[in-house]
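Architecture and fold: a report
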Amino acid sequence: MTNHWVDMQHSRAILVEGSNVAENHPMAFKWIRKAQEDGAIIIHVDPRYTRTSATADIYARIRPGTDAAFLNAMINHLLVHGLYDEDYVTTHTNALFLGDEGFDFRDGLFSGFDEEKRKYDNRTWGYQLDDSGRPRMAESLDDPGCIFARLRKYFSRYTLEMGERITGIPAAEIQRIAETMAKNRPGTILYALGMTQHTTGVQGIRAFTILQLLLGNIGKPGSGVNALRGEPNVQGACDMGVLNNYTPGYLDYPSHTEPTLAAWTDKNGTMRRKYLVNMLKAFFGDAATPENDFCYAWLPKKSAAKDYSSSGIFESALAGDMKLLWVTGQNPAVSSPNLKLVFEALGKLETLVVQELWETETACFWQRPDVDPKSIATEVFLLPASFFMEKNGSITNSGAMVQWRHAAVKPPGLSKPDGEIWDYVFRRVRDHVHDSKEPKDEIINKALWTYTTAEDVLREINGKALRDLPSGVKAGELVSKIAELQADGSTSSGCWIYAGVFSRGENLSKRRDSRTDPGNLGLYPNFGWTWPNNMRVLYNRASCDRHGKPYPDSKAIVWWDENEKRWTGHDIPDVPSLTDGPDTPNGRRSFHMNAEGVGRLFAAVYEDPDPKEETCPRDASYVPKDGPLPEMYEPVESPVANVLHPEVRHNPVLKYPRVKGLQVIGTVADFPYVLMTSTLAEHWCGGATTRNIPWLNELVPEPTIEIPISLGQKLGVKTGDMVKVSSARGELTVKAVVTPRMKPLRVDGQEVTILWMPYNWGFKGLSKGVSVNHLTIDAVDPGAGTQESKACLVNVVKVGDGGGAKSWFRGKRS
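This one's a predicted model, so the numbers in the text were calculated from it and none came from an experiment. (Residues numbered from 1 in each chain as written. Predicted model: local features only at pLDDT ≥ 70, side-chain atom pairs only at ≥ 80, totals over all residues. Heavy atoms only, no water.)

1. Some remarks on helix 8 (residues 171-183)
- Here helix 8 is 13 residues long and its end C-alpha atoms lie 18 Å apart, about the 18 Å a rise of 1.5 Å per residue gives.
- Within helix 8, the full set of buried residues consists of Ala171, Glu173, Ile174, Ile177, Ala178, Thr180, Met181 and Ala182. (Helix = DSSP H or I, 4+ residues; strand = E, 2+ residues; numbered from the N terminus. Expected span 1.5 Å × (residues − 1). Buried < 20%, exposed > 50% of the residue type's maximum accessible area, 1.4 Å probe, protein only.)

And the structure:
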């Protein structure tokens, strides 16, 4: 999230796309309803009519997988009719930067595409640079070489009529939504897995970014692009490096192409090197020195050519390249796509360790229906873990607020908190290799590992001074902000963005002051602690004009105090230095974590020079693998052609199928309907916990498939009838619900029928049911590795009275 939950009350327009926030985030939804009561307009864009749709002022039904086309049509409408915020765009974005003259886009491909390797050489995606290595600037937005002119040309293909042909949303409705967002500012965008679980997920979010930057909707109260996390601590897990491509704090994880710290710095910049050094000092303590690259060599290096996503894990296991898999707090035997491949992969392992509250489908994959357990050689260990109410520790919510939770009860039986399990195993492994001289064991023996409580871990994450610092921080004191971290190894921090959460020895995540609210903005700075530096609204420098004064359409949150000669306000100012004014280069860097220092309408290749280093950049901006601008590509399984570029139908960087025989692509001739999946309010994710709670099972006792009334009439299916649903990967039998929540769409003159199923069921627990992921496709976004769970092709046929029910109930249901 760029903003936070309470901040939504300040929005004048709220676009919800790919999310059912009313059901899945009910406590957050109260702030949305508060904004609506104060006159805000709620817009919901989704293929399925939900409780969020029912509360919205505008609802638009969209074909799954076409979000980029819808958003690009909105962007084009803003550009054509001058509905963008010109002052914001010229002040806070790269609109005036001159683009590389070699850049091109034609027939669905950006310049530099290598068809054989299915990847881009992105060297033409940069800027024209001056002698100092910085971007050259145009004098006005009318300069044909500037980024803004490039946007106008690129998005001109996305007329309102083209948006309708692709998405099924009427052109007049797309226009209405675009103009509603333009006329009601500040506005916010909320999204969830409905946007990301596509093979173009990254590009969809890029379209959000461009739309909001054009409208001046970043950095202000009530603005932003806000991801609604599906669990209370998904944000915290990502912060700590659970994503395979990042270390803690979103630093690029080293690959084999960066064997030394210097090589890593050359790619990522000196600014990020400082934070990596602090992490290495936290990992290895006194063993990490400047002379040995702070033990950088001990970090295992990824292969730059290998896939380390969850799909890559199972494909490695299937190929016999993985001996042991340890699964903690996940149930991939329910929640992963293409379950046939997942189950075969689990059966190829020597050892599977499952750390869980329940005996899940993953732990019992060898007991699944129609499989002989004797045919599976995998040894499975089930480690009983503790529920969140049974352990102390922090959680970090979607708005990056860190809050401490206290154990309410003791764990039952032999179960232990996850941290204790990992601590126990690590210490046993270290005892085992204590006398080893092998280089691979050095990382274990030299690791700084002295935890006794969860707060010890948070102290290490926060960081401390290892010797007296020029700022006055004494050796051993915990740091209070990111600026106190040093590049020379004199400080440590396990996750630099959390520097200050345990400021000077006080655990600020325990604070619960819900009264102090400077500016009456709902910031509550003394409630918990928010990264970075307890800042509540990211990029808040962009709420001010080039002179440091708040924009007229923004509630004042930060500003430049000319008398005090410093940035101040109700929130922590998001600036590189509090004393660098708006008339200085540093004071104009409203997006200072980008190498350019501004918001990126065009995701260019750029390295910001470091004046202190001749060879290494200060910072380098991220560039999506599949293009610097969002483009509409069809899902891998689509019922229609790509009307923009028929020869390049799908994401050109996508590699699928990857495993012969187990990754079959269905066609519309055999599977004429589009299936989308999601979760329920009553059952959570893989369902391991919620399906073991009787009263939740009473509310929703079994999975169903929702089909439109028109399809029900065509098939002779009524609510309660059993139907067989099949895809190129499998089939299942489930009860139908014939409902107006689902309706067919008219797409380029063709009727497209969309169906929906929840993914929360499996063959274990008190409530057992079919797993829809036997049907879904495991094609993934080439940048993020996110599965395309929201669009695959299926067929549906009616079965006899009750026929097939026993195929998913083994014995009586509890």
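2. So, helix 2 (residues 26-37)
- The end-to-end C-alpha distance of helix 2 is 16 Å, a good match for the 16 Å that 12 residues give at a rise of 1.5 Å each.
- All buried positions along helix 2 are accounted for by Ala28, Phe29, Ile32, Ala35 and Gln36. Buried residues of helix 2, viewed axially, fall in a sector of 105 degrees; they line one side. For helix 2, the exposed residues lying more than 90 degrees away from the buried face are Met27 and Glu37.
- Structurally, helix 2 contributes buried residues whose contacts are with strand 1 (13-17), helix 1 (21-24), strand 2 (41-45), helix 3 (51-55) and strand 8 (187-191).
- With its phi angle positive at about 110 degrees, glycine 39 sits one or two positions after the end of helix 2. (Arc of directions from axis to C-beta. Contact = heavy atoms within 4.5 Å.)

3. Side note on the packing of helix 4 (residues 67-80) against helix 6 (residues 147-155)
- Contact geometry for helix 4 and helix 6: axes closest at 9 Å, N-to-C directions at 125 degrees. Here helix 6 runs oblique to helix 4, going by the angle between their axes. In this structure, the crossing between helix 4 and helix 6 has a hand that is left-handed. Counting all contacts with helix 4, which are made through Asn72, Ile75, Asn76 and Leu79, the residues of helix 6 involved are Phe148, Leu151, Arg152 and Phe155. (Axes fitted to C-alpha atoms, helices over the stretch in contact; angles between N-to-C directions. Parallel < 35°, antiparallel > 145°, perpendicular 65-115°, else oblique. Left-handed = near helix turned anticlockwise from the far one by under 90°.)

4. Let's talk about the packing of aromatic side chains
- Considering all chains together, one arrives at 28 aromatic pairs under this definition.
- Seen in terms of ring centroids, phenylalanine 105 and phenylalanine 110 are 4.7 Å apart; in terms of plane orientation they differ by 55 degrees. Their pairing is tilted.
- Within the aromatic cluster, the residues linked to one another by ring pairs are Phe103, Phe105, Phe110, Phe113, Tyr120, Trp125, Tyr154, Phe155 and Phe602.
- Directly above the aromatic system of phenylalanine 602 lies the positively charged group of arginine 150, at a separation of 4.8 Å from the ring centroid.
- In this structure, lysine 301 packs its charged tip against the face of tyrosine 296, placed 4.5 Å from the ring centre. (Phe/Tyr/Trp six-rings, centres within 6.5 Å; stacked < 30°, edge-to-face > 60°. Lys NZ or Arg CZ within 6 Å of the ring centre and 35° of its normal.)

5. Points about the sheet that holds strand 16 (residues 401-405)
- Read from one edge of the open sheet, three strands run 15-16-19, paired in antiparallel fashion. Single-partner strands in this sheet number two, and they are strand 15 (393-396) and strand 19 (529-530).
- Alignment of strand 16 against strand 19, held across two bridges, turns out to be antiparallel. Along strand 19, the bridge assignment pairs methionine 401 with threonine 530. (Pairing = 2+ DSSP bridges.)

6. Remarks on the environment of serine 415
- Locating serine 415 in the fold gives a position in the loop between strand 16 and helix 17 (418-432).
- You can call serine 415 buried: its relative accessible area is 10%.
- Each C-alpha atom of the pair serine 415 and leucine 383 lies 7.5 Å from the other, and the pair is 32 residues apart in sequence.
- Once you skip the residues sitting within four places of it in the chain, serine 415 turns out to touch Pro384, Ala385 and Ser386.

7. Quick look at the packing of helix 12 (residues 261-268) against helix 13 (residues 270-284)
- Here helix 12 crosses helix 13 at 135 degrees, and the two axes come no closer than 7 Å. Here helix 13 runs oblique to helix 12, going by the angle between their axes. The handedness of the crossing between helix 12 and helix 13 comes out as right-handed. On helix 13, the residues that touch Leu261, Trp264, Thr265 and Asn268 of helix 12 are Thr270, Arg272, Arg273, Leu276 and Val277.
- In terms of residue class, the contact of helix 12 with helix 13 is made up of four nonpolar, three polar and two charged. (Nonpolar A, V, L, I, M, F, W, Y, C, P; charged D, E, K, R; others polar.)

8. A look at the pattern of salt bridges
- All told, the structure shown has 38 salt bridges when counted by the stated rule.
- Two residues, arginine 691 and glutamate 361, come together in a salt bridge whose shortest N-O distance is 3.0 Å. With arginine 691 in the loop between strand 24 (673-678) and helix 20 (694-699) and glutamate 361 in the loop between strand 13 (351-356) and strand 14 (379-384), this residue pair connects regions lying 330 residues apart in the sequence.
- Look at arginine 691 and you get buried, because its relative accessible area is 1%.
- Exposure remark for glutamate 361: the relative accessible area of 1% places this residue in the buried category.
- In this structure, arginine 427 engages aspartate 423 in a salt bridge whose closest nitrogen and oxygen atoms are separated by 3.0 Å. Of the two residues, arginine 427 and aspartate 423 are both situated in helix 17; the distance of four residues between them amounts to about one turn of the helix.
- You can call arginine 427 partly exposed: its relative accessible area is 28%. (Salt bridge = Lys/Arg side-chain N within 4 Å of Asp/Glu carboxyl O.)

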